[in-house]
There are 2 protein chains.
Amino acid sequence: MNDIAGRSRVVIEGVTPEIDAGRFLIRRAEGERVVVEADIFADGTEALACVLRYRKARARRWIETPMAPLANDRWHGEFIVSEQGQWDYSIVAWIDPFQTWLHGLEKKAEAGLDVSLELLGGAAVIDRSRKGARGEARKKLTTYFQALRGDSTPAALALTERSKSKADDAVFDPTVHYVEPPSSSASSPSTVRLESGGATMRALGDRVATGTAVADQRNRVAIAAAEELRDLMAAHPDRRFATKSSRTLSVMVERERAGFSAWYEMFPRSCAPEAGRHGTLADAEAILPDVAAMGFEIVYLPPIHPIGRAFRKGPNNALDAGPDDPGCPWAIGSEHGGHKAVHPELGTVEDFDRFASRASELGMEVALDLAFQCSPDHPYVTDHPEWFRHRADGSIQYAENPPKKYQDIFPFDFECEDWQGLWNELKSVVDFWIARGVRVFRVDNPHTKPFRFWEWMIGQINAEHSDIIFLAEAFTAPKVMYRLAKLGFTQSYTYFTWRNTKWELTQYMTELTQSEVGEYFRPCLWPNTPDILHEYLQTGGRGAFMARLVLAATLSANYGIYGPVFELCEATPREADSEEYLESEKYEVRHWNRSSQTSLREFITRINTIRREHAALHDNRSLRFHSVDNEQIIAYTKRGADGEDVILTVVNLDPAGTQSGWTDLALDDLGLDAHEPFEAHDLLTDARYTWKGARNYVELDPGVVPAHVLCLTRREAQTDHMNGAQSNA
Amino acid sequence: MNDIAGRSRVVIEGVTPEIDAGRFLIRRAEGERVVVEADIFADGTEALACVLRYRKARARRWIETPMAPLANDRWHGEFIVSEQGQWDYSIVAWIDPFQTWLHGLEKKAEAGLDVSLELLGGAAVIDRSRKGARGEARKKLTTYFQALRGDSTPAALALTERSKSKADDAVFDPTVHYVEPPSSSASSPSTVRLESGGATMRALGDRVATGTAVADQRNRVAIAAAEELRDLMAAHPDRRFATKSSRTLSVMVERERAGFSAWYEMFPRSCAPEAGRHGTLADAEAILPDVAAMGFEIVYLPPIHPIGRAFRKGPNNALDAGPDDPGCPWAIGSEHGGHKAVHPELGTVEDFDRFASRASELGMEVALDLAFQCSPDHPYVTDHPEWFRHRADGSIQYAENPPKKYQDIFPFDFECEDWQGLWNELKSVVDFWIARGVRVFRVDNPHTKPFRFWEWMIGQINAEHSDIIFLAEAFTAPKVMYRLAKLGFTQSYTYFTWRNTKWELTQYMTELTQSEVGEYFRPCLWPNTPDILHEYLQTGGRGAFMARLVLAATLSANYGIYGPVFELCEATPREADSEEYLESEKYEVRHWNRSSQTSLREFITRINTIRREHAALHDNRSLRFHSVDNEQIIAYTKRGADGEDVILTVVNLDPAGTQSGWTDLALDDLGLDAHEPFEAHDLLTDARYTWKGARNYVELDPGVVPAHVLCLTRREAQTDHMNGAQSNA
């Protein structure tokens, strides 16, 4: 054991966030906060000092910020990640001889004991820090050193009001603080509770500061307690035997869009202005202003690649397609090319470029679909048969879920001998579209490809580009979904689509945002997808669509809808008990009346505007659910990083009728005073209510608007607003 | 990425037990069980095979045992550690192509599809395993290979009843099993639920086994499902791309005494047969048969070293001792020597040897106290002043808790420049007593010495001796106590002494036995110590002592009492609101009437006998609390490793009066049938009750016996026992 290790007495353990012992990074968007906690303690009862260190990866110097004790030896610190890329963080802690000494001195002085030896002992502690200080600090520490030894008079100290106020902007101010073990007995703890500084000593210090120059022991005690000395000692600590946390941990900081986005999925082939024609990318381009006007940030297109003919599916997933049936976009590859080509009926790669440029002009990004599978007609099948599994007769193994066969799809064999060739080729697909400006990918069924492939591919892409977003479409076992997020997926589909009751939503969103999962898994909530038309939407009507939209858009900073079926409240399933759409766009070209009077576009626009304007909705970590005495009404808040912006969302989950109830808000969590009125401004209806206390009446009619999205602000009590029970407009 | 890593598709994460990412070992006693769990999953829906591997550290070969799936991708395995020393464990998991293929074949065959290509595919899977097999197994696999290809007839296969029954003693039988993600929708999971084997196919296999030789496809399917083939394939898996858990974890296996022990603390100086004389080790030796007769396994002596004179404490911790006051045994060191010497008034080192030999003859071990601190008269103080902190005047810093001074004690300075010299000397103290045959040490205040010191010292001792037990006397913050256990302490004092209510006991013992803490922290429960006479004992009388004894002895496999004050129900505090004993043996010589009529020795003997005879009480992991509808009555069970021995302890926590209530036993946990009567045999009173179902009446009078210690056994319904409500004798 080396000399430092042998004398490092502080223990740091239980650091959070730390994912799988540091195997994986946590994830943040630019400007977000990282809260770090750890169990930190030492033998004995001496005072500890703990700092959280962070830096941009590979930066030369750490930035340090003090940690403060919570309870039960748990310490807390936090920092903001101000730019993209990898950041590192770790903890350093040490025994603070100055604070330890000062506390003992205080107790002895209060007990009226002779402390002349203690003052000399303190001088020795200062002496050690003094030797490590420079310039003005060293001069001042020398003065204190001499004063405590009695070599100089306090008058020599620049103990002015200025120096005392320095404490306010101190860079470093470790707090002396011990917490008793939770024992019911007074005799069990051998630790003691300390408070930083003593009022008596501060009073003495004040007296010295005002200029009295009595060089007696009592005044030397007061000098020892000077705020300036405390700051100087904190800035020049004796860290010879400091302990570092055992692992340097990292956070991947991505661009803002990774953490806050509204997605809009649409099929370009259904974008022709007239019915009966196969739409093109040019037609889709013409729709973009409408999508942008609704406030979406990402337009996501299902695969735009050539569609295979072999075993092509017909309308409603029929096994036998007619000669004019357009096929399923996920059956990728034909004689016109594969994953790097554009389906001829949609246009050309240049048409895609124009589409993407137009989206960009409108402030949106285009997301492409990465579906790593092939139609039997894909060029890979003939060029690289070694990338597929083969049946005993030499034919290529199609996808199956026995006894079901999916003969239009050939999965890749990731275990094949040329797996490296396959991986490189698949990465080259991503590179191809990145080179054309694509920065966002929705990944189809990532959970049916190896985890190591994704870790490798996303790692490679990240190393070359800092701004690529991957959305994992994995509807599978929770741990598989979480693993994909750990491996690098920026955002993830969730079970939200099937979580409709208050209990389900509360339990699920609490798991996603308040557990360790929230450190790396970014939920992207979709009320519908081309594969999922939930019964709630099938039967709930317009109110159900509005409720699910509000939930998706406010429960998570990232959400999306599959339109225009969503805004048109399309709700007919293929058959009873099916979650498939009737006449799904997956298998045929549809034509939509986007300007229908019944469209939810205005409502969607309002929701997206609220999302953009309110910082509270840009992150999920502040999500808190609040009680309502009606199981059909859910209420939750989010709070902006500065604590000021507070959004309370209240949703009637019953699409069949009006529901009312009383809230029980956790006001302390919201920075609101239980005894002062506050304003609840409904951002959906612009109604303003004056509320007071935790208990407030809500009533929501799904036939009008099934939700409140309320901005809560402290206000002076006013008499021009009705107090108490309120109903929405 | 190497070829294996790239194709290793299985993920193993969340392995438990794993303490601080493998930084620390878990702890077991010889013969105990280690239960290992992990999240194990892969991309796709193929079948997995998982084995738990374990071995004595540095052994050449791993022993493997199959793991079985629980739910939500969690897998379970376990092994028994059969001998002392360090053992390692890890997990290996891989995709099982045979089970995957067999399941698909089954589904297709059931659906009546042509499976000729599938049968050839299966032959290819068998072929790969065949090449790795030898002897008889290879021959058999070849036969199956040919049969599935249609090259041979089933008659060539030894498909007899014998080969089918092999499944019963199969070494390895991985179960194909997928669990649906917890989604409320039928459409969300892309995984499916499989059951191992199909009844239809078994039936077909049976037909083949009886000798029908129809070489059609149908029969080849039946051959594929043969149990023998399944066993052969399981024994010769294709593990080329297997995944190993990322860390090899370890368990420290100690001797049985580490996990099961009853301690008896006594002051030798109070062992003189006549009052008024300072007892000797020879006097203490004469007491040993009494202690052994009560059933204790460890006799623990407070420090037996020379006691200092400087600042010696008088009776009741008085600051000024009279010339004849014997001093406090923890003020170690005088002109007669230090930690390697025996206090002259107690005798010589040879007297200690005789004492220890006698204890050994009686089946007991002697525990010495390691109190690493010095009286000012300790030889170290003059020989090694560098091992202590010094005050500004050059004097040595005494212990203090400002403003309190403990001038009779000098703590060591573990941060001193010669820390390595100090550490080596302290270890030599332990070595000295180990050389004299001591195998058990009670360590005084380990939490005031550096963690690294203990880790180093215990590590060194463990490397040289496999059988040394260290009990940590740390009454401090919980995380500090847990850390000491992680670092190597065999057993630990706890907060039990201050946990008296049902809620406190339940919460605390659940934390200690059912959380990760239970993997490395062995609680040793003491109802009293020389420092702690709890108010419950001060006021509760004999019933309180009995209740606390039963709790300590049955809640934990390790417990101890400080006697004879305990068995004599000595309960007078030094003053009101104090937990110190009046006229404590810490500061004076006492004389005890060990043969008092009111002694609890018979009761203690009974308890210790029950402990020895019942395997259920030898471990804490099976501890389960059961509801009783009376807050004054606590009920809990323990169950032996074989599941047979079940002990239900019921204690009336109210020493003031009789309490009664109805139990609500979790019978499923106890292997008892809710509809069959069972016997509850009270091991304290020998009463036998016939109980049935969860709900049973209990009534306990602290004036008689405040507890039941019931052995529960299944029995045939009998009519000669009263059913239902029972009271104790």
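Please read these numbers as outputs of a predicted model, since none were measured by experiment.

A.B. asks: It is not clear to me how the overall build of chain A should be interpreted in this structure. Could you clarify?
C.D. replies: Within chain A, the secondary structure is distributed over 19 helices and 30 strands. For chain A, contacts bridging at least 24 residues in sequence account for 75% of all contacts bridging at least 6. Looking at chain A as shown, the accessible area adds up to about 27,500 Å², and 48% of this sits on carbon and sulfur atoms.

A.B. asks: For this particular structure, what's the right way to read unusual backbone geometry?
C.D. replies: Residues other than glycine predominantly adopt negative phi, and peptide bonds predominantly adopt the trans conformation. Backbone torsion omega between G563(A) and P564(A) reads -5°, so that peptide bond is classified as cis. Mapped onto the elements of the fold, P564(A) is located in the loop between strand 22 (558-562) and helix 18 (601-613). A cis amide bond, omega -5°, links T16(B) with the succeeding residue P17(B). The residue P17(B) is located in the loop between strand 1 (10-16) and strand 2 (26-29) in this model. Backbone geometry at D577(A) places phi at a positive 65°, although glycine is not the residue there. With respect to the secondary-structure elements, D577(A) resides in the loop between strand 22 and helix 18. For D577(A), a relative accessible area of 85% puts it in the exposed group. Phi is positive for F311(B), which is not a glycine, with a value near 55°. Locating F311(B) in the fold gives a position in the loop between strand 12 (298-300) and helix 11 (349-361). F311(B) sits in the partly exposed class, given a relative accessible area of 48%.

A.B. asks: Please explain the side chain of R611(B) as it appears in this structure.
C.D. replies: Residue and element names in this part refer to chain B. Within the secondary structure, R611 is located in helix 18 (residues 601-613). Here R611 sits buried without a salt bridge, and the closest side chain of opposite charge, E297, lies 4.7 Å off (N-O distance). A polar side-chain atom of R611 sits 2.7 Å from the main-chain carbonyl oxygen of A557. Aside from chain neighbours lying at most four places away, what touches R611 is F260, S261, A262, A553, S556, A557, N558, Y559, L617 and H618.

A.B. asks: Mind showing me how you'd approach the pairing of strand 7 (residues 74-80) of chain B here?
C.D. replies: As a general feature of sheets, a regular strand has side chains that alternate between the two faces. Residues and elements named next belong to chain B. Two strands pair when backbone bridges link them, and strand 3 (residues 33-42) and strand 7 are joined in this way by seven bridges, in the antiparallel orientation. By the bridge assignment, R33 is partnered in strand 7 with I80. As defined by bridge partners, strand 6 (residues 68-69) adjoins strand 7 across two bridges and the pair is classed as antiparallel. The residue bridging A68 from the neighbouring strand is H76, located in strand 7. Remark: four residues form the turn of the hairpin made by strand 6 and strand 7, two consecutive strands paired antiparallel; N72 in that turn has positive phi of roughly 55°.

A.B. asks: Would you explain the packing of aromatic side chains in this entry?
C.D. replies: Residues and elements named next belong to chain A. Across all of its chains, the model carries 82 aromatic pairs over all chains by this definition. On the basis of an interplanar angle of 80° and a centroid distance of 6.4 Å, the ring pair of F470 and F489 is categorised as edge-to-face. Highlighted residues: F470 in strand 19 (residues 469-473) and F489 in the loop between helix 15 (478-487) and strand 20 (491-492), separated in sequence by 19 residues. F489 shares its class with F470; the two are buried. R130 extends its terminal NZ or CZ atom over the ring of F145, reaching a point 4.6 Å from the ring centre. We note R548 situated over the ring of F496; from NZ or CZ to the ring centre the distance is 4.0 Å.

A.B. asks: Can you walk me through the sheet that holds strand 23 (residues 624-628) of chain A in this structure?
C.D. replies: Working definition: the strands of a sheet are paired by backbone hydrogen bonds and lie parallel or antiparallel to each other. Residues and elements named next belong to chain A. Here eight strands make up an open sheet; going across it, the order is 28-27-30-25-24-23-26-29 and the pairing antiparallel. Sheet topology places strand 28 (688-692) and strand 29 (697-700) at the edges, where each strand pairs with a single neighbour. In this sheet, adjacent strand axes meet at a mean angle of 35° when their direction is disregarded. Strand direction decides the pairing type here: strand 23 and strand 26 (residues 659-664), joined by two bridges, are antiparallel.

A.B. asks: For this particular structure, what's the right way to read the sheet that holds strand 13 (residues 365-370) of chain A?
C.D. replies: All names here are of chain A. Taken in spatial order, the eight strands make up an open sheet running 20-19-18-13-12-11-22-21, and their pairing is parallel. If you trace the sheet from one side to the other, it starts and ends with strand 20 and strand 21 (524-525), each paired once. Where strand 11 (residues 261-265) lies against strand 22, five bridges are found, and the strand directions are parallel. The partner of S261 across the bridge, within strand 22, is N558.

A.B. asks: I'm lost on the packing of helix 10 (residues 281-293) of chain B against helix 11 of chain B in this one. Help?
C.D. replies: Helix-helix packing is described using two parameters, namely the angle between the two axes and the distance between the axes. Residue and element names in this part refer to chain B. Running from N to C, helix 10 and helix 11 point in directions that differ by 5°, and their axes come no closer than 9 Å. As far as their axial angle goes, helix 11 and helix 10 are roughly parallel. Two secondary-structure elements touch here, helix 10 through L281, A284, E285, L288 and P289 and helix 11 through D351, F352, R354, F355, R358 and A359. Looking at side-chain class alone, the contact of helix 10 with helix 11 contains seven nonpolar, no polar and four charged residues.

A.B. asks: Teacher, can you tell me more about the relation of the copies chain B and chain A here?
C.D. replies: Each of the two chain copies can be brought onto the other by rotation about an axis and movement along it. Relative to chain A, chain B is turned by 180° and slid 0.0 Å along the rotation axis, the superposed coordinates differing by an RMSD of 0.0 Å. What the rotation and shift describe, once combined, is the action of a two-fold rotation axis. Scanning chain B for the C-alpha nearest the rotation axis identifies A21(B), at a separation of 2.9 Å. A high fraction, 100%, of the interface residues of chain B reappear at the interface in chain A, so the copies pair face to face through one surface.

A.B. asks: How do you make sense of the interface of chain B and chain A when you look at a structure like this?
C.D. replies: You'll often see interface size given as the accessible area lost when the parts meet. Facing 80 residues of chain B, the contacting portion of chain A comprises 80 residues. Of the roughly 6,500 Å² buried where chain B meets chain A, counting both sides, 56% is carbon and sulfur surface. When residues of chain B are sorted by the area they lose upon contact with chain A, R7(B), E415(B) and K479(B) head the list and together hold 11% of the total. If you look at where chain B meets chain A, you find 14 salt bridges. R391(A) serves as the salt-bridge partner of E118(B), at 2.9 Å between the closest nitrogen and oxygen.

A.B. asks: Explanation requested: the nonpolar core in the structure shown.
C.D. replies: Burial of nonpolar side chains together is a common tendency in soluble globular proteins. Among the nonpolar cores identified, the biggest contains 169 residues, and I40(B), M266(B) and F470(B) are the most heavily contacted of them. The leading source of residues in this core is helix 17 (residues 535-555) of chain B, at 12 residues. Aside from chain neighbours lying at most four places away, what touches I40(B) is V10(B), V11(B), I12(B), L48(B), C50(B), M67(B), D73(B), W75(B), I91(B) and A93(B). The next biggest cluster of nonpolar side chains, apart from the first, holds 168 residues, and it includes Y54(A), C524(A), I561(A) and V651(A).

A.B. asks: How do you make sense of the environment of V125(A) when you look at a structure like this?
C.D. replies: Counting through the fold element by element, V125(A) comes out in helix 3 (residues 116-132). It is 11 Å that separates the C-alpha atoms of V125(A) and Y144(A), two residues lying 19 residues apart in sequence.

A.B. asks: Explain the packing of helix 17 (residues 535-555) of chain A against helix 18 of chain A here, please?
C.D. replies: All names here are of chain A. Packing of helix 17 against helix 18 leaves a shortest axis separation of 11 Å and a crossing angle of 15°. Here helix 17 is positioned roughly parallel relative to helix 18, judged by the angle of their axes. The two elements helix 17 and helix 18 cross, and the hand of that crossing is right-handed. In contact with M546, L549, V550 and A553 of helix 17, helix 18 contributes F603, I604, I607 and R611.

A.B. asks: Whenever I open this one, helix 7 (residues 217-224) of chain B confuses me. Can you help?
C.D. replies: One full turn of an α-helix is made of 3.6 residues, so residues set three or four places apart face in the same direction. The element helix 7 of chain B is extensively covered by neighbouring structure, given that six of its eight residues are classed as buried. Taken together, the buried positions of helix 7 of chain B are occupied by N219(B), R220(B), V221(B), A222(B), I223(B) and A224(B).

A.B. asks: Before we go on, may I ask you to explain the environment of D668(A) in this structure?
C.D. replies: All names here are of chain A. In this structure, D668 sits in helix 19 (residues 667-670). The class for D668 is exposed, based on a relative accessible area of 75%. Between the alpha carbons of D668 and H614 there is a distance of 20 Å; along the sequence they are 54 residues apart.

A.B. asks: Explain the confidence of the model for chain A here, please?
C.D. replies: Close inspection of predicted coordinates is inappropriate for parts of the model with low pLDDT. Residue and element names in this part refer to chain A. In the predicted model, chain A carries a mean pLDDT of 90, and 89% of its residues have values of at least 70. In the predicted structure, residues 158-215 sits below a pLDDT of 50 and forms 108 contacts with residues beyond four places in sequence or in another chain. Confidence drops under pLDDT 50 across residues 717-729; counting only partners more than four residues distant or on other chains, this segment forms 27 contacts.

Scoring rules and cut-offs
Residues numbered from 1 in each chain as written. Chains lettered and ligands numbered in written order. Predicted model: local features only at pLDDT ≥ 70, side-chain atom pairs only at ≥ 80, totals over all residues. Heavy atoms only, no water. Helix = DSSP H or I, 4+ residues; strand = E, 2+ residues; numbered from the N terminus. Contact = heavy atoms within 4.5 Å. Areas by Shrake-Rupley, 256 points an atom, 1.4 Å probe, with all protein chains shown as cover. Buried < 20%, exposed > 50% of the residue type's maximum accessible area, 1.4 Å probe, protein only. Lys, Arg positive; Asp, Glu negative; His and termini not counted. Salt bridge = Lys/Arg side-chain N within 4 Å of Asp/Glu carboxyl O. Polar contact = N/O pair within 3.5 Å; in protein donor to acceptor, adjacent residues only side chain to side chain. Pairing = 2+ DSSP bridges. Phe/Tyr/Trp six-rings, centres within 6.5 Å; stacked < 30°, edge-to-face > 60°. Lys NZ or Arg CZ within 6 Å of the ring centre and 35° of its normal. Axes fitted to C-alpha atoms, helices over the stretch in contact; angles between N-to-C directions. Parallel < 35°, antiparallel > 145°, perpendicular 65-115°, else oblique. Nonpolar A, V, L, I, M, F, W, Y, C, P; charged D, E, K, R; others polar. Least-squares fit on C-alpha atoms with pLDDT ≥ 70 in both. Buried area = accessible area lost by both parts, 1.4 Å probe. Core = buried A, V, L, I, M, F, W, Y, C linked by side-chain atoms within 4.5 Å. Left-handed = near helix turned anticlockwise from the far one by under 90°. pLDDT = per-residue confidence, 0-100.

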